[in-house]
2 protein chains.
Amino acid sequence: MPPPARRPTFAGWLAETNDVTQIFLAAGRIPDLINMAGGLPDPATWPVADLSALAARAIADHPGEALAYAPIEGLTGLRDLIAARFSSPGLHLTRDNVLITSGGMQALDLIGKVLLDQGGLVAAQSPAYLGALDAWKPRYPRYRPMCLEAGDFDPALALRDAQFAYTVPNFSNPTGRLVGLGERRALVAAAEATGTWLIEDDPYGTLYYDGAPLPRMLSLSAGGAAVYDGPVVYLGTLSKELAPGFRIGWVVAAPDMIQALISAKQGSDMSSSGLSQRIAHEAFAMGLTERILPDVLALYRARRDALGAAMARHLGDLFDWEIPAGGMFVWATARDAALDTDRLLREALAHGVCITPSSVFDPEGRNRRSIRINFTLNAPDKLDEGVRRLAEATRTTLARAA
Amino acid sequence: MPPPARRPTFAGWLAETNDVTQIFLAAGRIPDLINMAGGLPDPATWPVADLSALAARAIADHPGEALAYAPIEGLTGLRDLIAARFSSPGLHLTRDNVLITSGGMQALDLIGKVLLDQGGLVAAQSPAYLGALDAWKPRYPRYRPMCLEAGDFDPALALRDAQFAYTVPNFSNPTGRLVGLGERRALVAAAEATGTWLIEDDPYGTLYYDGAPLPRMLSLSAGGAAVYDGPVVYLGTLSKELAPGFRIGWVVAAPDMIQALISAKQGSDMSSSGLSQRIAHEAFAMGLTERILPDVLALYRARRDALGAAMARHLGDLFDWEIPAGGMFVWATARDAALDTDRLLREALAHGVCITPSSVFDPEGRNRRSIRINFTLNAPDKLDEGVRRLAEATRTTLARAA
């Protein structure tokens, strides 16, 4: 037999993936590991019996919607419900403002496809959600980091000539930071002045543990037009409001953006699951997401507080952090600049705990001084033990660096 | 108020979409239209009661799989079932050979992401499936058309230096052609000699109406290795075997290809629906797809024959065609070279029937002499009336061209 022929090379972006994902996958096999790395909901929050009944009815009562190819843009009834849900005085939305996506992640992929040719410029809140960076890698973007909280941050300068600006205003991933009302207004004004699209990625918008939600940038850019036609591209998801397994998200945006995204979705997965869309429709219509929300908030608020107490107990001399008013994460920055959190991750796994190092939230992988800690998945005693292990791992890592 | 700022331009590929999709969408609103354009199954083939019960049980009995984020690569149990299903003596597949996708379309998108940088070369069976062309547009490929049935077709020459070769061996979309065993062997040999990946897209592999299925190229390239590591990338889908609304497909390929596709899927939709995957698992495990297949075959065989009879009755002087041995489509080529089938589509809609013109299956849109007619969606009387209208529309179009 001749030697096997050489295979074509894979696309260039595949060589740029870091190995943290592989480390996380391998971590899944470590016994007794306390996973504080991901952004996972607690399965105890899922209304299993309700959802089982909804799924059965979705197919039995609506086979023509649940089992067929759905329209690319999504089922009409679900789009109407989303339009109604996000409309407000001054913000007039119709189904033409709504695209149903296969989870929030697909919206990021589609945005990259319609707005980024190779080398396109993205203004991105820094540090930035890892999943967004992953989604856009095959488009080879350039990044302009936006530090919204910096005193000299100039939104119009930041957005100028960018294809779009990417933000997570409610409890930013990874920092947990709530972008204030003044910053929101300034971003919207800059988007309107420059024409740059402004992505408002909002998976945590219902997870406010203290105080009332701030207005969405989508509402702030309303302007009262008969059909919304502003620069904000709002992304929502069922994953945090109900359960991730349905893979249902939505985009609310100007009709020309929705049309472009539909063209991209057609060649991406043709349509999202009709079954999942019917279940989402029924869950919204019967108020299931609102019904479970108080228990979800009580559970996660208590865990956030438990994580804060554990960090104060074990990490006070090693890290600085702020307790977030919502979301799923605490962001902690090492006091000692000698700490490399990529190395800390490896040591943490050896100690039986997993966190996410800051390098993965930096398009260039250079930020190695912070970590992201999740508090929604584990009970308070596990959070305490996880943080205790993390403190040990941090001391070991620092001792090795010295 | 200042004039609205100019928005960033959309990515270049969006300007290349033809308007046939819009025409089809508008066609959906024409009353009494007979739709022979799409590749849709007859909803009567769906086992609604079984699927309703399966969906309820999937959530009630397996909430941790149905409602959570699934692993990117898919649920382990479903991957094992697919590996077992496609294994044969000499073809050893494990879960490492299998990726679950969100419908067959997503597999095409992921293949583009991992194999095509801008300008990458694709050797594609010609005419080519419209959905594949759509999926790869954002990657700006070059195409080398492959006419497998041409007497002088040289597979090794066709595959040389291409990133991959794209084929639909079972009842090719759009032509309905069955790629013969000799051609399959030659393609596999060429892929092994050149190293080029060979995509075997197989949505219609169970829809054989006459005679026994030919061996898959995947099997022909087996080679007996402990774990399959050959150049064939096999794509399957639940859409034609059970129902499209679940959006479940699969890729069977060498482990390094599966790994690359997993990286691309991570940034595309994170994972496919856990609920849909559990339903697929149960449907395969209980033999539901095999149970409904005889009725599906009987129904579609009768419709294929009805369409053939209707075409002989109404179109014999206008088109040439061959009756396919399976699949969903008849491909017909105008006898008169003056017929422009893009124009025919518009005239056909005015006559109350919809077919697909050949231009959409040509990356350069130049082939305008053929049409694709679907026979699975409509009952025999509708097929006859649709073809009668099509004959009228053809005569009108030819009279105008003269």
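Residues numbered from 1 in each chain as written. Chains lettered and ligands numbered in written order. Predicted model: local features only at pLDDT ≥ 70, side-chain atom pairs only at ≥ 80, totals over all residues. Heavy atoms only, no water.

Caption draft 1: Local environment of the overall build of chain A. The helix and strand inventory of chain A stands at 14 helices and 13 strands. Here chain A has a C-alpha radius of gyration of 22 Å; the compact-globule value for 402 residues is 21 Å, and the two agree. By its C-alpha atoms, chain A is 70 × 60 × 50 Å across when sized along the principal axes. Taken over 402 residues, chain A has a buried fraction of 59%. With an accessible surface of roughly 14,500 Å², chain A has 53% of that area assigned to carbon and sulfur atoms. Once the 38 positive and 44 negative side-chain charges of chain A are each reduced to a mean point, those two points are 4 Å apart. (Helix = DSSP H or I, 4+ residues; strand = E, 2+ residues; numbered from the N terminus. Rg over C-alpha atoms; globule rule 2.2 N^0.38 Å. Buried < 20%, exposed > 50% of the residue type's maximum accessible area, 1.4 Å probe, protein only. Areas by Shrake-Rupley, 256 points an atom, 1.4 Å probe, with all protein chains shown as cover. Lys, Arg positive; Asp, Glu negative; His and termini not counted. Charge placed at Lys NZ, Arg CZ, Asp CG, Glu CD.)

Caption draft 2: Up close: the packing of helix α5 (residues 103-115) of chain A against helix α10 (residues 255-266) of chain A. All names here are of chain A. Running from N to C, α5 and α10 point in directions that differ by 100°, and their axes come no closer than 9 Å. As the angle between them shows, α5 and α10 are arranged roughly perpendicular. Across from Q106, L110, I111, K113, V114 and L115 in α5, the residues of α10 making contact are M257, A260, L261, A264 and K265. Grouping the constituent residues of the contact of α5 with α10 by class yields eight nonpolar, one polar and two charged. (Axes fitted to C-alpha atoms, helices over the stretch in contact; angles between N-to-C directions. Parallel < 35°, antiparallel > 145°, perpendicular 65-115°, else oblique. Contact = heavy atoms within 4.5 Å. Nonpolar A, V, L, I, M, F, W, Y, C, P; charged D, E, K, R; others polar.)

Caption draft 3: Seen up close, the packing of aromatic side chains. Residue and element names in this part refer to chain A. One pass over the structure, following the stated rule, counts 20 aromatic pairs over all chains. Note on W136 and F164: the rings are 5.0 Å apart at their centroids and 65° apart in plane angle, and the pair reads as edge-to-face. With a gap of 28 residues between them, W136 in helix α6 (residues 130-136) and F164 in strand β5 (residues 164-167) connect regions that are remote in the sequence. Comparing W136 with F164 shows no difference in burial state: the two are buried. Centroid distance Y209 to F375: 6.2 Å. Interplanar angle 65°. Geometry classified as edge-to-face. (Phe/Tyr/Trp six-rings, centres within 6.5 Å; stacked < 30°, edge-to-face > 60°.)

Caption draft 4: Highlighting the relation of the copies chain A and chain B. Between chain A and chain B, the superposition needs a rotation of 180° and an axial shift of 0.0 Å, giving an RMSD of 0.0 Å. Each copy turns onto its partner about a two-fold axis. Measuring from the rotation axis to each C-alpha of chain A, the shortest distance belongs to A56(A), at 2.5 Å. A share of 100% of the interface residues of chain A reappears at the interface of chain B, consistent with the copies meeting face to face through the same patch. (Least-squares fit on C-alpha atoms with pLDDT ≥ 70 in both.)

Caption draft 5: Representation of the interface of chain A and chain B in the model. Opposite the 81 residues of chain A that make contact, chain B presents 81 residues. Buried area between chain A and chain B, summed over both chains or domains, comes out near 6,100 Å², and the portion from carbon and sulfur atoms is 59%. Summed over the three residues of chain A that lose the most area to chain B, namely R7(A), L67(A) and Y69(A), the buried surface amounts to 13% of that side. At the junction of chain A and chain B, the tally comes to four salt bridges. A salt bridge links D256(A) to R7(B); its shortest N-O distance comes to 3.6 Å. The tally of links between chain A and chain B comes to 33 residue pairs in polar contact (both at pLDDT 80 or more). Within the residue set of the side of chain A that touches chain B, elements represented by two or more residues are α1 (20-27), α2 (48-61), α3 (63-66), α5, α6, α8 (181-194), α10 and α11 (274-285) of chain A. Here the residues of the side of chain A that touches chain B sort into 42 nonpolar, 26 polar and 13 charged. (Buried area = accessible area lost by both parts, 1.4 Å probe. Salt bridge = Lys/Arg side-chain N within 4 Å of Asp/Glu carboxyl O. Polar contact = N/O pair within 3.5 Å; in protein donor to acceptor, adjacent residues only side chain to side chain.)

Caption draft 6: Up close: the side chain of D201(A). Residue and element names in this part refer to chain A. Relative to the assigned elements, D201 resides in strand β6 (residues 197-201). A polar contact is formed between the side chain of D201 and the side chain of Y166, at a distance of 2.5 Å. For D201, the residues in contact, after removing those within four places along its chain, are L108, Y129, Y166, T167, V168, P169 and L235.

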